[in-house]
Amino acid sequence: MKTIQTAYIEKTGQSVKGWIEFNEVFADNKSLGFIPRFYVVETLIPFDYYSKIEVDNISFTGYCGAYSIIGKEPMQIGEMNDESNVKSADGWKDR
C-alpha cells in the first residue's frame, strides 16, 4: 500500500497529495541514478517548464506530466530518504 504524501510546487504555490516513486535510469548498462515521479491524486495546476518540488525531506526539480510530476535529472540513492519506493527495470528492489 502506498503512503499518501504532500508535495509542494514552488512555481504555483500549490500543495497536492499523492505518492512518490523512484525509477532507476540506465545508460550503457550503467546506473545513472533514480528519477523521482510524484503521482498526483488531486487536481494539479499545470505549469510551464520546471519547478522546485518538495516532498517530505526530498527536493527535486520537475516538470508537469499527465497526473504526475516527473523529475528533471537522476538523483543518487543518498539523496532519497525512503528506499522502499525505489524500483528498477526488473521490478521492486529488496532492501
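Not measured: the values here are computed from a predicted model.

**A look at the packing of aromatic side chains**
Thought 1: For the coordinates displayed, the defined rule picks out 2 aromatic pairs.
Thought 2: Summarising the aromatic geometry, the rings of Trp-19 and Tyr-39 are spaced 5.3 Å apart at their centres and angled 20° between planes, so their arrangement reads as stacked. One end of the pair, Trp-19, is in strand β2 (residues 14-27); the other, Tyr-39, is in strand β3 (residues 30-40), with 20 residues separating them in the sequence.
Thought 3: Accessibility expressed as a relative area gives 21% for Trp-19, which makes it partly exposed.
Thought 4: Both rings, one in Tyr-50 and one in Tyr-63, keep their centres 6.1 Å apart while their planes meet at 85°; by these two values the pair is edge-to-face. In this pair, Tyr-50 sits in the loop between β3 and β4 (51-55) while Tyr-63 sits in strand β5 (residues 58-65), placing the two residues 13 residues apart along the sequence.
Thought 5: The class of Tyr-50 is partly exposed, set by a relative accessible area of 40%.

**Description of a nonpolar patch on the surface**
Thought 1: Together, Tyr-49, Tyr-50 and Tyr-63 give the surface a local cluster of nonpolar side chains, amounting to about 370 Å² of exposed area.
Thought 2: Looking at where Tyr-49 falls in the secondary structure, it is placed in the loop between β3 and β4.

Analysis parameters
- Residues numbered from 1 in each chain as written.
- Predicted model: local features only at pLDDT ≥ 70, side-chain atom pairs only at ≥ 80, totals over all residues.
- Heavy atoms only, no water.
- Phe/Tyr/Trp six-rings, centres within 6.5 Å; stacked < 30°, edge-to-face > 60°.
- Helix = DSSP H or I, 4+ residues; strand = E, 2+ residues; numbered from the N terminus.
- Buried < 20%, exposed > 50% of the residue type's maximum accessible area, 1.4 Å probe, protein only.
- Patch = residues over 30% accessible without salt bridge, like charges linked within 9 Å, V, L, I, M, F, W, Y side chains within 5 Å.
- Areas by Shrake-Rupley, 256 points an atom, 1.4 Å probe, with all protein chains shown as cover.
- Salt bridge = Lys/Arg side-chain N within 4 Å of Asp/Glu carboxyl O.

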